[in-house]
Amino acid sequence: MTMQRTFSIIKPDATRRNLTGAINSKIEASGLRIIGQKRIHMSDREAREFYAIHAERPFYNDLVSFMTSGPVVVQVLEGQNAITAYREVMGSTNPSEAADGTIRKEFAESIEANSVHGSDSIENAAIEISYFFTDEEIVG
Ligand code: CMP
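Student: Tell me what's going on with the site of the ligand, and back it up with residues and numbers.
Tutor: In the vicinity of the ligand, the contacting residues are Lys11, Tyr51, His54, Phe59, Leu63, Arg104, Ile111, Glu112, Asn114 and His117. Within the contact set of the ligand, an oxygen atom lies 3.5 Å away from a backbone nitrogen or oxygen of Ile111. Within the side chain of His117, one N or O atom sits 3.0 Å away from an oxygen atom of the ligand. Computed on the free molecule, the ligand has an accessible area of 450 Å², of which 79% lies beneath the protein chains in the complex. Taken together, the residues of the shell around the ligand break down into four nonpolar, three polar and three charged.

So this is what it looks like as structure tokens:
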């Protein structure tokens, strides 16, 4: 078991439906701690840079439009094996494939409007956290 940090986004489909608290409840019930959190409106440039890895995908422009369509809540989560643990709490990217009890099974509207993002590796977690948070904004 390794103590890790991961990066999370509560996406515009979820903030629009007032689901921030419900999603945070699931995060905290899993044992993960929310050690950094802020509500922001991502700029077009931030969304494009954040999702640059998907720039060649057919859904890239729609994804950027969606992520800038309303407020998001960016978060730093900490816990044992936080990266894998949060991916289990989120469920599969496509909500129709997500397991019962997961955030995406309960709340996601579609594969795009899938309520949450979580880092997929230790390396990306570090990059994503530092993209949105200064050290002072993370209180462990
Ligand atoms: P996320 O975990 O934030 O990483 C990339 C995002 O792209 C993903 O969640 C979805 O919101 C979106 N996405 C992934 N695959 C598709 C797809 N096939 N069609 C539309 N959006 C997608």
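Having seen the structure, we can now continue with the description.
Student: With reference to specific residues and values, describe the sheet that holds strand E4 (residues 116-118).
Tutor: Sheets are built from strands paired through backbone hydrogen bonds, the pairs being either parallel or antiparallel. The antiparallel open sheet is built from four strands, whose spatial order is E2-E3-E1-E4. At either margin of the open sheet sits one strand with a lone partner, and together these are strand E2 (33-40) and E4. Between one strand axis and the next, the sheet turns by 20° as a mean value, whatever way the strands run. Here E2 pairs with strand E3 (residues 72-80) via seven bridges, running antiparallel. What sits directly across from Lys38, in E3, is Val74.

Student: Requested: an account of the environment of Leu19, with residues and values cited.
Tutor: Tracing the chain through its elements places Leu19 in the loop between helix H1 (12-16) and helix H2 (20-29). Classification of Leu19 as buried rests on a relative accessible area of 13%. Residues Leu19 and Ser115, spaced 96 residues apart in sequence, show a C-alpha to C-alpha distance of 8.9 Å. When neighbours within four sequence positions are excluded, Leu19 is seen to be in contact with Ala14 and Phe107.

Reading the values: the criteria
Residues numbered from 1 in each chain as written. Predicted model: local features only at pLDDT ≥ 70, side-chain atom pairs only at ≥ 80, totals over all residues. Heavy atoms only, no water. Near = heavy atom within 4 Å. Polar contact = N/O pair within 3.5 Å; in protein donor to acceptor, adjacent residues only side chain to side chain. Areas by Shrake-Rupley, 256 points an atom, 1.4 Å probe, with all protein chains shown as cover. Nonpolar A, V, L, I, M, F, W, Y, C, P; charged D, E, K, R; others polar. Pairing = 2+ DSSP bridges. Helix = DSSP H or I, 4+ residues; strand = E, 2+ residues; numbered from the N terminus. Axes fitted to C-alpha atoms, helices over the stretch in contact; angles between N-to-C directions. Buried < 20%, exposed > 50% of the residue type's maximum accessible area, 1.4 Å probe, protein only. Contact = heavy atoms within 4.5 Å.

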